[in-house]
Amino acid sequence: RTSRGAPGHRGAIRSSNVGGRVRHEHRVADVPLALRGRANLSSCFTERRPSRRRKGRHRSLAGKSAMAEAAILEQCRLHPEGIPDQDLAQKISHIPVNDRAQAINSLLSSRKLQIYKDGDTIVYKLVMQEEAVKFRGLASEDLLVYQIIQQSGNSGIWTKELKQRSNLPQAKITKIFKSLEARKLIKAVKSVSQQNRKVYMLYELEPSREITGGAWYTEHEYDAEFINVLREQCEKFIVGQGKVTLDQVSDFVKKTKLSHVELGKEEVLQIVNTLVYDGKVDQFDEHEKGEGDADDAKGDGDVANDERDYGDGEKVTYYVPAAYPVPEKSALTSVPCGVCPVFNECRPGGLISPETCVYMEEWLGLGMDPVDS
C-alpha cells in the first residue's frame, strides 16, 4: 500500500504486509529537502570518524618531524657557535630535504632555533633556555629587528640603516625599540663622532671605541686634562728610568692607577708617541741577542775577537729621554713678527714699521713675551 508522505516529502511511504507484519520503507528520494544528499538517515546523527589508515598516516608524519627536529637540535648543541646550512645538510643527509625544511620552520616558530647570516652563509644556532624566556611573546617583526641589531655587533646600527634592511615603517620600528629596550634586549648609545645620532646594539655588549671614543672621552667629551696628567707622569717615569720599553711604561700606568679605566698597550703607546712627536722622548729599536750568540762563540777563550751577529734576536723598541729636547719657547718662536696680524703691511719707514712697533719694544726692552701678555 502506498500513501502520501508528510508535507515537505516527495514520493510516498511504501507499506507491505509480510508474514503478518507491516514493514514501512522510506526511500532516499523521500528524505526531506534539508537532508537530501545524505547516504542514509543515520549519517545525519552520527559523526564521521577518521579511518585507521588516516590516523596511522598522521602518526607517521609526526614521528618523522620529531626525528628531524631532534637531529637538528643535536647538531646545534654540538656547534654552540652556530652551524652553517651546508654543514647541517651533510650531517643529517639521511633526512629528506622537505622534512628538514619543515623541521627547521617548526623550530624557528617555537623559538628553539635562530637563524642569521654570516656573509653569504646561512647559520643556525640553538636558542638557550634562558634566552627563550626573554623572547617569549615577541612577534616575528620584533625578532627580525633583534637579529639585525645582533648582526651589527658592538658597532651598533642606526635607525635609518635598520629601516632599509627591515623594510618596516618608522612608527613600527620605534614601537619595537621600546619593547626590546623594556625587556633589556637592546640599548641605545650616543656616538662621539655624531652626537645627534643614536645607534642600537645588544644590551650586554660594550660599545666599540669608534662609538665611545675610548679612554680619552668622559661622558662623550674629550678629556684633555686627563691626557695631560698621563703625559706628565709617563715623561717623568721615562726620564727617571733612563731606558724603558712600552711594557714597562704600561705596567707603571697600571700600578700607579692613573686612569679610572683600564688602559691597554695601544692607549699607552698613543701617549708615549705624543711625547716623541713633541721632542721630549727619543725612541730607537734594538735587536736582542739571539740564542746562538754565546759569550765565547769560537770556544777558544778569546771573547773580544769573536764575530757576533746581534740581528737574529727579536727587535725591541726602547724609549729614552730626548738627547736634544725641543724647547717650548725660543728666541725665534717668541718674535712678535711671527704672530703679528699686520705683518704684511709692516715696512721700514711705513705707517706700520719696526721703528714704531710697541710689541717689538716690549720684546727687546722688557723681555716680555707678547704672545703670553
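Residues numbered from 1 in each chain as written. Predicted model: local features only at pLDDT ≥ 70, side-chain atom pairs only at ≥ 80, totals over all residues. Heavy atoms only, no water.

1. Digging into the overall build of the chain
Along the backbone of the chain there are 12 helices and 14 strands. When burial is assessed residue by residue, the chain has 27% of its 373 residues classed as buried. If you take every contact in the chain between residues at least 6 apart in sequence, the share linking residues at least 24 apart comes to 51%. A total of about 26300 Å² of accessible surface is found on the chain, and carbon and sulfur atoms cover 50% of it. (Helix = DSSP H or I, 4+ residues; strand = E, 2+ residues; numbered from the N terminus. Buried < 20%, exposed > 50% of the residue type's maximum accessible area, 1.4 Å probe, protein only. Contact = heavy atoms within 4.5 Å. Areas by Shrake-Rupley, 256 points an atom, 1.4 Å probe, with all protein chains shown as cover.)

2. Section: the pattern of salt bridges
Counted under the stated rule, the structure contains six salt bridges. Between Glu-141 and Lys-172 there is a salt bridge, with its nearest N and O atoms 3.3 Å apart. With Glu-141 in helix H5 (residues 140-151) and Lys-172 in helix H7 (residues 170-182), this pair connects stretches of sequence that are 31 residues apart. Residue Glu-141 is classed as partly exposed on the basis of its relative accessible area, which comes to 31%. The residue Lys-315 makes a salt bridge to Asp-285 at a minimum N-O spacing of 4.0 Å. Placement of the pair is Lys-315 in strand E14 (residues 315-321) and Asp-285 in strand E13 (residues 281-287), with a sequence separation of 30 residues. (Salt bridge = Lys/Arg side-chain N within 4 Å of Asp/Glu carboxyl O.)

3. Some words on the side chain of Thr-245
Inspection of the secondary structure puts Thr-245 in strand E12 (residues 244-245). Not counting residues within four places of it along the chain, the set of residues in contact with Thr-245 comprises Val-316, Thr-317, Tyr-318 and Tyr-319.

4. Comments concerning the confidence of the model for the chain
On average, residues of the chain score 77 in pLDDT, and 73% of them reach the 70 mark or higher. Taken element by element, the chain is modelled with least confidence in strand E1 (residues 2-4), mean pLDDT 47, and with most confidence in E12, mean pLDDT 94. Counting contacts from residues 26-47, a segment whose pLDDT is below 50, to residues more than four positions away or on other chains yields 22 contacts. (pLDDT = per-residue confidence, 0-100.)

5. Quick look at the packing of aromatic side chains
Under the counting rule described, the total for this entry stands at four aromatic pairs. Judged by centre distance (6.1 Å) and plane angle (40°), the rings of Trp-216 and Phe-226 are tilted. Of this pair, Trp-216 sits in the loop between helix H8 (209-212) and strand E10 (217-218) while Phe-226 sits in helix H9 (residues 224-241), and the two are 10 residues apart along the sequence. Here the two residues Trp-216 and Phe-226 agree in accessibility, since each one is buried. Residues Phe-237 and Phe-252 carry aromatic rings whose centres are separated by 4.4 Å and whose planes lie at 15° to one another, so their mutual orientation is stacked. Taken together, the positions of Phe-237 in helix H9 and Phe-252 in helix H10 (residues 246-256) put the pair 15 residues apart, joining distant regions of the chain. With respect to burial, Phe-237 and Phe-252 carry one shared label: buried. Its guanidinium or amino end placed over the ring of Trp-158, Arg-197 lies 3.6 Å from that ring's centre, counting from NZ or CZ. (Phe/Tyr/Trp six-rings, centres within 6.5 Å; stacked < 30°, edge-to-face > 60°. Lys NZ or Arg CZ within 6 Å of the ring centre and 35° of its normal.)

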